Amino acid sequence: MNILRVIEHSCFVAGLIALSVFAFGYITPRVHAIEAIDTLQITAQNFAVENPDTSAWSQERIDAFQQAQATSEQAIGVVHIPAVDIEAPVFAGTSDSILDRGVGWIPATRPLGANGNVGLAAHRDGFFRNLKNISLGDTITTQTVTGVKTYRVTGTATIDPDDVYVLEPTASATLTLITCYPFYFVGSAPERFAVFATLVE
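Residues numbered from 1 in each chain as written. Predicted model: local features only at pLDDT ≥ 70, side-chain atom pairs only at ≥ 80, totals over all residues. Heavy atoms only, no water.

J.: Hey, could you go over the packing of aromatic side chains for me, with residue numbers and the actual values?
T.: Enumeration according to the criterion identifies six aromatic pairs in this entry. Both rings, one in Phe65 and one in Phe127, keep their centres 5.8 Å apart while their planes meet at 75°; by these two values the pair is edge-to-face. Of the two residues, Phe65 sits in helix α2 (residues 59–68) while Phe127 sits in the loop between β4 (117–121) and β5 (139–144), which places them 62 residues apart along the sequence. Each member of the pair, Phe65 together with Phe127, is buried. Site record: aromatic cluster; members linked through ring pairs are Trp57, Phe65 and Phe127. (Phe/Tyr/Trp six-rings, centres within 6.5 Å; stacked < 30°, edge-to-face > 60°. Helix = DSSP H or I, 4+ residues; strand = E, 2+ residues; numbered from the N terminus. Buried < 20%, exposed > 50% of the residue type's maximum accessible area, 1.4 Å probe, protein only.)

J.: Can you lay out the pairing of strand β7 (residues 174–181) for me, pointing to particular residues and giving the numbers?
T.: Burial analysis of β7 places six of its eight residues in the buried class, which makes it a mostly covered element. Relative to β7, β4 runs parallel, the two being bridged by five bridges. Residue pairing for β7: Ala121 is matched across the bridge by Ile178. Bridge count for β7 against strand β8 (residues 191–199) is eight bridges, and the pairing is antiparallel. Bridging from a neighbouring strand, Ile178 pairs with Ala194 of β8. (Pairing = 2+ DSSP bridges.)

J.: So what about the pairing of β5? Which residues, and what values?
T.: Only one face of β5 is buried, namely the one carrying Ile140, Thr142 and Thr144, since none of Thr139, Thr141 and Gln143 on the opposite face is buried. Two elements, strand β1 (residues 75–81) and β5, share three bridges in a ladder whose sense is antiparallel. Note that in β5 the partner of His80 across the bridge is Thr141. With antiparallel pairing between neighbouring strands as the criterion, β5 and strand β6 (residues 147–159) make up a hairpin whose turn holds two residues.

J.: Before we move on, could you go through the sheet that holds strand β2 (residues 86–92) and cite the residues and values that matter?
T.: Read around the barrel, eight strands follow the order β1-β2-β3-β4-β7-β8-β6-β5 and close on themselves; strand pairing throughout is mixed. Averaged over all pairs of adjacent strands, the angle between their axes in this sheet comes to 30°, without regard to strand direction. As defined by bridge partners, strand β3 (residues 103–105) adjoins β4 across two bridges and the pair is classed as antiparallel. Its bridge partner lying in β4, Trp105 is registered against Leu120. (Axes fitted to C-alpha atoms, helices over the stretch in contact; angles between N-to-C directions.)

Written out as structure tokens, the structure reads:
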């Protein structure tokens, strides 16, 4: 009888642990997404980027961008990198329709404009094509309904697609940009290019 109780108790504890892991891995990112959308939701027109420079884009990406204009996702902000001529609307999520229209905020990271590690992603042959020219010290600004924040580039790295450690939480306010790599690879790119920036106080 005591053995059965021990087994029952062990199963209960294991269930609690599994539930906790599920809550952290599945629910937490969605809470971040809801928080960001509730706090920053605004009409896409208010954060529109008029006539983005598509001269370096692939024709496939230009076509996808034009077709995506009919979708209704609402922008939550704008990201601007003057040194490499990037200015793009930011949308909540990283679905195909979002990445065809602009830059996607990665829901597993801190909301755009918040403290901690904010992750943004975009296509290597679209809005983030010019990241190939970024340098240490370049500034990146993000604009949301809560204001403007300026970050300074502190490093870049070429990583494997599974290297999600670059999106882990940070104590300080940081910004991590992710795109596929190499920039001109034909087919599905095998690596990722990451840009790291810290908030300018």
